[in-house]
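Commentary on secondary and tertiary structure
What follows is each chain in one-letter form.
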Amino acid sequence: NMIPITLMMAITVDGKIAKDQKQFANWTSREDKKLFVEISKQFGVVIMGKNTFATFPAPLKERLNVVFSEEANPPVIEGVKWVSGEPEDVLQELEKMGYKAALLGGGANLNSLFLKHRLISEIILTIEPKIFGTGLSLFSQELEADLKLLDFKKLNENTLMLKYQVIYQNV
């Protein structure tokens, strides 16, 4: 049994996480950023893809930044653990390091990989009052899972937080 993974993302009303891979997450509300800091510090570890990591001005402080990359010699950065290969192996390693759960912070490809492997147990979405029309979706490929609503909250006048449990169909 793997350590539980919570996917946490901000999305537009039309389900986009960014206009493109380079877009900095500066379009989300202050309340969303605050919530992300709060929750990610509780977890102590955030898993993300290289493109997502590249949109941060600096590694997340007081949290282990686990970054998936195919790069042969990624730069040594304090607080950053570069990983590749199967997500299960990475999770086992994190468990050995003493982590009881991990937060997944995107992007679309990594989210899809983890969902495909049935590793995401909960999803926290911040729905921001925006529409991009085109761009990157929460997931990048055809997948299927059902969700059970666990909690919801108004973060501000226009922003909603939804928390779901992921229910996988038995194949």
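Description of the structure in this document.

Describing the nonpolar core
Counting 30 residues, the largest nonpolar core has Ile-47, Leu-94, Phe-114 and Ile-120 as its most contacted members. Elements supplying a minimum of two residues to this core: β1 (5-12), β3 (45-49), β4 (64-68), α3 (87-96), β6 (102-104), α4 (108-116), β7 (120-128) and β10 (160-167). Residue contacts for Ile-47: discarding those within four places in its chain leaves Ile-5, Val-66, Phe-68, Leu-91, Leu-94, Ala-102, Leu-103, Leu-104, Gly-105, Gly-106, Leu-110 and Phe-114.

A word on the sheet that holds β6
Judged by pairing direction, the sheet is mixed, and its eight strands sit side by side in the order β5-β4-β3-β6-β1-β7-β10-β9 without closing on themselves. The two strands at the open ends of the sheet, each matched to only one other strand, are β5 (80-83) and β9 (146-154). Each adjacent strand pair in this sheet contributes to an overall mean axis angle of 25°, direction not counted. Two elements, β3 and β4, share five bridges in a ladder whose sense is parallel.

Comments concerning the environment of Ser-137
Within the secondary structure layout, Ser-137 lies in strand β8 (residues 136-137). Counting along the chain gives 68 residues from Ser-137 to Ser-69, while the straight-line C-alpha distance between them is 20 Å. Among all residues touching Ser-137, those that are not within four sequence positions of it are Gly-15, Lys-16, Ile-17 and Ala-108. One polar contact links Ser-137 to Lys-16, side chain to side chain, over a distance of 3.1 Å.

Some words on the side chain of Thr-55
By the secondary structure assignment, Thr-55 is in the loop between α2 (50-54) and β4. When neighbours within four sequence positions are excluded, Thr-55 is seen to be in contact with Gln-21, Lys-22, Gln-23 and Phe-24.

The rules behind the values
Residues numbered from 1 in each chain as written. Predicted model: local features only at pLDDT ≥ 70, side-chain atom pairs only at ≥ 80, totals over all residues. Heavy atoms only, no water. Core = buried A, V, L, I, M, F, W, Y, C linked by side-chain atoms within 4.5 Å. Buried < 20%, exposed > 50% of the residue type's maximum accessible area, 1.4 Å probe, protein only. Helix = DSSP H or I, 4+ residues; strand = E, 2+ residues; numbered from the N terminus. Contact = heavy atoms within 4.5 Å. Pairing = 2+ DSSP bridges. Axes fitted to C-alpha atoms, helices over the stretch in contact; angles between N-to-C directions. Polar contact = N/O pair within 3.5 Å; in protein donor to acceptor, adjacent residues only side chain to side chain.

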